[in-house]
Amino acid sequence: MKSTISLLTFFYLLTSSSSFAPIASISRTTSLYADPESETTKTTQSSETEREALERQFREPSSPQTKNADGSFGEPKTGYSKALPFLARPKNLDGTFPGDAGFDPLGLGGSDKSSLAFMREAEIKHSRLAMLAVVGWPVAELFDRGIASAFDLPTMLTKTGASPSLLNGGLDRINPFYWAIVLSLGALVEYDNKAMKEKNGKAHIIGDCGYDILGLMPEDKAGKFERQTSEIKHGRIAMLAIVGYAAQEALYRIPITMQFPFNL
C-alpha cells in the first residue's frame, strides 16, 4: 500500500506545473527569440549574418594580388600586356601599330610616340634584311660552289662549306666592290624612304619606301593593317632564325644545310 502511494505521489509531482517551470521558461525564451518583430530577434539575426559572413571570409581563400613592376598592387591603369600577361602594358603600346602585343619589358620603345615610331622603323628595316638573309644563307651554301665553278670564280664559302659570317670567318675574302654595292643600295632605300615621308606627311606608313611593284598592299585600312602585321611577324621570326643559323654553324662547325633532318 505504501508503495502504491509513493508511486502516485511521484506521478503527481512529475505532472505538476512546478516541475515543468524550467521547460516553460525555456519555451518562453525560445518564443521570444523567434518573434520576428522583437528587437532581440533582429539583433540575434544580424549577429548571425555577420558571423556567417566572417566565417565565409576565412573559409574561402581570397585571390592573390599581383605586384606590378612599379610596386603597386592590382590591375595597372594601362592593363596587362598580351605577350606578358603578368606585366603591365607599356603606355605607348596601345595597339595602334601593327604587330603590337605589348611586349617591351626593357622599355626600348621610349616614352613618346615619336621615339616608338623611330624604333618601329628600325625594326622593319632589320626585319626585311633578316628575311632576305634567312633565304640567302642556305641558298649560298647550296649553290655557291656550282656557280663559282661555272664562271671559273673562287668560292666564297668557308672550308666547311658554311656561309661567311662574323663567327664563321671568311668575310675578308669578300670583294670590296660588293660592299660598295650594298652600301649604295642602302643609301638609295633611305633616300626613297625619306621622300615618301615628305610626300605622305601624317598619312605615311612606317617603312613605306614606295616599292610595291606587284601591288600587294590592299587599298582598305583594315587590309593594310593586316598586311603590315604579317610583315612584322615574319620579320621577327626571320631575325631569330638568322641568329640561330650563325649560332648553330659556329657551334657545330658544319653548314646549316647539313643540319636539317633531310638532305638539301
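Relevant structure appears above.
The shown structure was predicted, so the numbers you read here are calculated from the model rather than taken from an experiment. (Residues numbered from 1 in each chain as written. Predicted model: local features only at pLDDT ≥ 70, side-chain atom pairs only at ≥ 80, totals over all residues. Heavy atoms only, no water.)

Asks: Would you take a moment to explain the overall build of the protein chain for this structure?
Replies: For the protein chain, the helix and strand inventory stands at six helices and zero strands. Ordered by position in the sequence, the α and β elements of the protein chain form the string α-α-α-α-α-α. Here the protein chain, with 264 residues, has 22% of them falling under the buried criterion. For the protein chain, long-range pairs separated by at least 24 residues make up 37% of all intrachain contacts whose partners lie at least 6 apart in sequence. Summing over all exposed atoms, the protein chain offers an accessible surface of approximately 19,900 Å²; the carbon and sulfur share of this is 65%. (Helix = DSSP H or I, 4+ residues; strand = E, 2+ residues; numbered from the N terminus. Buried < 20%, exposed > 50% of the residue type's maximum accessible area, 1.4 Å probe, protein only. Contact = heavy atoms within 4.5 Å. Areas by Shrake-Rupley, 256 points an atom, 1.4 Å probe, with all protein chains shown as cover.)

Asks: I would appreciate a short explanation of the nonpolar core in the present structure.
Replies: If you look at soluble globular proteins, the nonpolar side chains tend to sit buried side by side. If you look at the biggest cluster of nonpolar residues, it comprises eight residues: Ala130, Val134, Trp137, Ala238, Ile242, Tyr245, Ala246 and Ile256. Listed by contribution, the elements that provide at least two residues to this core are helix H4 (113-150) and helix H6 (221-252). For Tyr245, the residues in contact, after removing those within four places along its chain, are Val134, Trp137, Pro138 and Ile256. (Core = buried A, V, L, I, M, F, W, Y, C linked by side-chain atoms within 4.5 Å.)

Asks: Just checking my understanding: could you explain helix H5 (residues 176-200) for this structure?
Replies: With 25 residues, H5 extends 37 Å from end C-alpha to end C-alpha; this agrees with the ideal 36 Å at 1.5 Å per step. Of the residues making up H5, those classed as buried are Asp192, Asn193 and Met196. Looking at the buried positions of H5, the neighbouring elements they touch are H4. Gly201 lies just past H5 and shows a positive phi near 65°. (Expected span 1.5 Å × (residues − 1).)

Asks: I tried to follow H4 on my own but got confused; where do I start?
Replies: Residues that lie three or four places apart on an α-helix share one face, since the helix turns once every 3.6 residues. The terminal C-alpha atoms of H4, which comprises 38 residues, lie 52 Å apart, in line with the 56 Å expected from a rise of 1.5 Å per residue. Along its length, H4 shows its largest kink, about 50°, at Phe143. Within the sequence span of H4, burial applies to Leu116, Arg120, Glu121, Ile124, Ser127, Ala130, Val134, Trp137, Pro138, Glu141, Asp144 and Ala148. Note on H4: the residue one or two positions beyond its end, Asp152, has a positive phi of about 55°. (Bend = angle between axes of the 7 residues up to and from the residue.)

Asks: So what exactly am I meant to see when it comes to the pattern of salt bridges here?
Replies: Oppositely charged side chains may form a pair once their charged atoms are brought near each other. One pass over the structure, following the stated rule, counts six salt bridges. The salt bridge partner of Lys197 is Glu121, with a shortest N-O separation of 2.9 Å. Of this pair, Lys197 sits in helix H5 while Glu121 sits in helix H4, placing them 76 residues apart in sequence. Under the relative-accessibility criterion, Lys197 is labelled partly exposed at 36%. For Glu121, a relative accessible area of 9% gives the class buried. Notably, a salt bridge pairs Glu123 with Arg236, separated by 2.7 Å at the nearest N-O pair. Highlighted residues: Glu123 in helix H4 and Arg236 in helix H6, separated in sequence by 113 residues. In this structure Arg236 comes out as partly exposed when scored by relative accessible area, which is 29%. Through salt bridges that share partners, Arg120, Glu123 and Arg236 make up one connected network. (Salt bridge = Lys/Arg side-chain N within 4 Å of Asp/Glu carboxyl O.)

Any link to function would need more than the numbers given here.
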